[in-house]
Amino acid sequence: MNQTKLNRAFLILLLAFGVFLAGSYALVYTLKPDNTHSSANQIPMEAPTGGDFRLTSLNGEVALSDFNGKVVFVYFGYTFCPDICPTNLAQISMAYRQLSDEQKQNLQILFVSVDPERDTPERLQEYVNYFDANMIGLTGSKQKIDEIAQRYGVVYQKVEGDVENYAVDHSAFTYVIAPNGELKQQLPHASDPQQFIEALNRYSL
């Protein structure tokens, strides 16, 4: 095998290992909401209730109820996330590109930041535009995000360290909201595009 093929094989193995690590990391926070983070203790163990919320986008305030009549996918993450968020959003983006125009009209995707200190509305929208899925980036005060996170069963915790270049550990579900605003399903991290499409079709009017 020549050097070019060896380099290509090494890169493929490295990418596969990175995906494995991201999936393993996400699994800890999706299956164990009562883990060692102090924020986990604030999350009730009963099933999440979901419900309406209002946050800030680049174009002003946006409420979940603004999209009544559509299926809504809600994902909680942050723009500096090195692996879990881009992996999940890439899968959603691939699903979105397979939809018909009618299906796209029946879907809205919301990306809610769990890092309001750094994720401005401008940064959020620039980030979600990269995925080309008509996604809206949302942020708000930490108090407001904490309240929404508790209702949705979202676990997140800032990792103390570098003042600017810190990480945020977070759970990695995509929440599926029916056209009547009711939380119906939680899709796990790295669900494939077909799972997103099936969820959309299941709850569309």
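The present account deals with the structure reproduced in this document. (Residues numbered from 1 in each chain as written. Predicted model: local features only at pLDDT ≥ 70, side-chain atom pairs only at ≥ 80, totals over all residues. Heavy atoms only, no water.)

### Points about the overall build of the protein
Put simply, the test is: Per the convention used, a helix needs a DSSP run of H or I reaching at least four residues, while a strand needs a run of E reaching at least two, with both numbered from the N terminus. Burial classes follow relative accessibility: with a 1.4 Å probe on protein chains only, a residue under 20% of its type's maximum area counts as buried, one over 50% as exposed, and anything between as partly exposed. Per-residue and other accessible areas follow the Shrake-Rupley method at a 1.4 Å probe size, with only the shown protein chains counted as cover for residues.
The number of helices and strands found in the protein is 6 helices and 9 strands. Counting only residues that meet the buried cut, the protein has 44% of its 205 residues in that class. Of the roughly 10,800 Å² of accessible surface on the protein, a fraction of 54% belongs to carbon and sulfur atoms.

### Focus: the nonpolar core
Put simply, the test is: By nonpolar core is meant a set of buried Ala, Val, Leu, Ile, Met, Phe, Trp, Tyr and Cys residues that side-chain atoms within 4.5 Å join together. Contacts: residue pairs with any heavy atoms within 4.5 Å of one another.
Grouped together as the largest cluster of nonpolar side chains are 54 residues, with contacts concentrated most on F53, F73, V74, F76, L110, Y152 and Y175. If sequence neighbours within four positions are ignored, F73 has contacts with L107, Q108, I109, L110, T174, Y175, V176, F196, A199 and L200.

### Topic: the side chain of T79
Stated formally: Polar contacts, as counted here, are pairs of nitrogen or oxygen atoms within 3.5 Å of one another; within protein the pair requires one atom able to donate a hydrogen and one able to accept it, and residues that are adjacent in sequence qualify only if both atoms are side-chain atoms.
Structurally, the position occupied by T79 is in the loop between β3 (71-77) and α2 (84-97). At a separation of 2.4 Å, a polar atom in the side chain of T79 contacts the side chain of D119. Apart from the residues lying within four places of it in its own chain, the contact partners of T79 are F111, D119, R123, L124 and Y127.

### Let's talk about α2
As a reminder, the rule being used: What a helix is expected to span follows from its residue count: subtract one and scale by 1.5 Å.
The end-to-end C-alpha distance of α2, which contains 14 residues, comes to 20 Å, matching closely the 20 Å that a straight helix rising 1.5 Å per residue would cover. For α2, the set of buried residues is I84, C85, N88, L89, Q91, I92, S93, A95 and Y96.

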